[in-house]
Structure formats: C-alpha cells, structure tokens
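Report on the structure
So you can see what is in the structure, the chains are spelled out below.
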Amino acid sequence: MSNNSSDEVWLVIDSLTFGGIETHVLELAKGLKQFQVPVMVLFLCTYPQKQLLEEKLVANQIPTKHLDVDGNSYFNTLLHLVRMHRPALLHAHGYKASITTKLIRLLTGVRQISTYHAGETPSGKVWLYDFIDRFTSFVSNHSIAVSDKIAEKLVSRTVCFNNFIDTRATQHSKGKQIAFVGRLSHEKGPDRFIELANANSLLKFDIYGSGALEDELKQLATDNVRFHGHQNNMNAIWPNVGVLVICSRYEGLPMTALEAMARGIPVFSLKVGNMPSLIAHQTNGYLVNNMDELGLALTTFLTQNEKQTAQLKQQAVETIEHSYSQSAVIPQILELYSI
C-alpha cells in the first residue's frame, strides 16, 4: 500500500466461520481482481480457529490483513490505515464491519458502502447491533442489498444486486444425491428437509453442514438421511449432488443455489427471499409455496424423461451465466463504486 490516495478497494468483514457472507466476499474479491481492480480484505478480529475465508483468499493471491494485532483495537487500526493510505473505498459486509466503517467514514470522509446480507431478524444483543446498522444506512455513500425484502428493511435508498459466482471453472454434475447444503439453524429450515425425507422413505437424502440443530435433527432423522457435517471444500461435493433443496424460512439469495445451478443441478425451493427472481418454475428449477408442493415436484422430476431433465439443467446453467456470474454483475458494482 502506498501512502497516497489509491484506487484500492478494501473489503471489511468479521469472519468466524465460512458461510454465505464469506462466500460472497470471496467471489467479490476474485471478481474485482479479474477486472484488475486492486483489492484487499481486512478482518476485524482474529480467532483461535482457522479462518477459512482467509485461506481461500490467500490461495487466490488476494492480500489480507488483520486489524486487531499487537494489542490494538480494530477500530483504531482501521482509522490509522485509512488516514495514512486513503483507499478508494471501504466496502463492509456484516453488521460489525458496517457500523465500524460508517464511523470511519464520518471521521475521515472516505467513501463507504455496506452490503446487507441477512433477511432474518436476529435476537438478543445482535438485534440491537442489526437495528443500529440498518437505521444508520444513510451514512453510507451507497447501500447494497442481496434481496428486495432486505432492502425494504433499510431506511435509505438501496441498490439490489444479484449475488454472483465465478463460473469459469464449474463442471456439470452427474450426481444423484438429494441434498441440503447450509447452516443447521432454524432460519435455514433443515427440519423441513428431515420431514421431506421422512415422507419419502424410498429415497436417500444428504445433509451438508453443521449448526445448533445438528443433534436434534439426528434424533428426528430416519435411516434414509446421511449427515456429512461441515464442508471446507464444496467443490469436491457438488459432483455428487443431483438435486438441491432450499427450504429456508428466511433467505436473501443463497449462494448455494447459484453454485448448484451453475453446475446444472436443479434447485427445488420455497418462495422465499429473492428465489422467485432466480427460478422460473419448471423452466430452470422448481419454485413452490410449501413443503407438500416441494415433495410433489421432486417426485414428478424424478420420474420425467431424460430430455426434459437435460433441458431444465441447461436452462439453469444459462440463467447463472447470463445474470449471476462475475462477468454479469461485477461491472454493475464497479459503476456503483465510481472508481
């Protein structure tokens, strides 16, 4: 980093696990690099366990920095760095990074953008932080939401961009598994997936992910459900998957849906978040009102002919390439960055 004003974009995040927000930041950083925009990812806090996002960024030769080193607070370190190096932009992801960088903007005048990922309303102390974050959105130069419903919860004008992925290295899956991929928490609805499995005892169902409900779900599950736990590398798993089920209670636009469709894996989803903007029912996937309809759609799909299946899979791939790939979305983000 130079001591002068630069065109470097700093992505700021507080990351403990590797979930949807981390996937988004990784894809954004890779996309900016692909478009030759200097980018660095700043981590607010250092945790005892490995930070998988950092490992993946380093593997893609994207520079990273921890802000809480040498006994300094992440806020003071970031303030010092911004004053010294004057980046083109701070782009925050998650409420902690968003609140922090908005304060830095007020003190320094640096350009700042927050992306809002969460559709659910949190509880406890996190609810207060989330409330502060949303009701100070006017401080940012721009606010980005990953779904229309998330945008409705903000007090300032918000731009909605599609989530996106790097499609350059994706391979079409020939797998057969009926899969749930995600955090095992109430808002993601893994209990609904278990109910779907219980109602279809002749089929096998696979769960990739971990979370607070894992033990409870294992007690509810029948023998046709396999738990695979948290996955550090989904690229090794996607070739086994034939169907992805999204049964969330709250959602933005899940990265798993994009990852699946880019590989020609049909997605069966409830009408939640921005899924209706992604899926055209029976054209590039299946979009239903409830779990009964989802079960019926799944049964119908598994009995249709190969030509119909191949056509739907190809439509899924083309949807991602056209509207949800780096090449489609990064130019829109750069226009908002105005750098």
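Structure shown above.
Okay, so let's go over this structure. (Residues numbered from 1 in each chain as written. Predicted model: local features only at pLDDT ≥ 70, side-chain atom pairs only at ≥ 80, totals over all residues. Heavy atoms only, no water.)

**Description of empty space enclosed by the protein**
This model, assessed by the stated rule, comprises one cavity of 30 Å³ or more. Approximately 60 Å³ is the volume found for the largest cavity. Along its surface, the largest cavity is lined by His24, Leu28, His91, Thr115, Ile144, Val146, Phe161, Asn162, Asn163, Phe164 and Ile333. Partitioned by chemical class, the residues of the lining of the largest cavity number six nonpolar, five polar and no charged. (1 Å grid on protein atoms, 1.4 Å probe; cavity = no way out; pocket = protein on both sides within 12 Å on 5 of 7 lines; lining within 4 Å. Points joined across faces, edges and corners; volume = space filled by probe spheres on them. Nonpolar A, V, L, I, M, F, W, Y, C, P; charged D, E, K, R; others polar.)

**Regarding the packing of aromatic side chains**
Across all of its chains, the model carries eight aromatic pairs by this definition. With a centroid separation of 5.7 Å and 50° between ring planes, the pair formed by Phe180 and Phe193 is classed as tilted. Residue Phe180 is found in strand β8 (residues 177-181), and its partner Phe193 is found in helix α7 (residues 190-198); the two are separated by 13 residues along the sequence. Assigned by exposure class, Phe180 and Phe193 land together as buried. Aromatic pair Tyr286 and Phe301: ring centres 5.8 Å apart, planes at 70°, arrangement edge-to-face. Taken together, the residues span a long stretch of sequence, with Tyr286 in strand β13 (residues 286-288) and Phe301 in helix α11 (residues 291-303) at a distance of 15 residues. (Phe/Tyr/Trp six-rings, centres within 6.5 Å; stacked < 30°, edge-to-face > 60°. Helix = DSSP H or I, 4+ residues; strand = E, 2+ residues; numbered from the N terminus. Buried < 20%, exposed > 50% of the residue type's maximum accessible area, 1.4 Å probe, protein only.)

**Some thoughts on the side chain of Asn274**
With respect to the secondary-structure elements, Asn274 resides in the loop between β12 (267-270) and α10 (275-278). Judged by relative accessible area, which is 10%, Asn274 ranks as buried. Ignoring anything within four residues of it in the chain, the contact list for Asn274 reads Val146, Ser147, Asp148, Gly252 and Leu253. (Contact = heavy atoms within 4.5 Å.)

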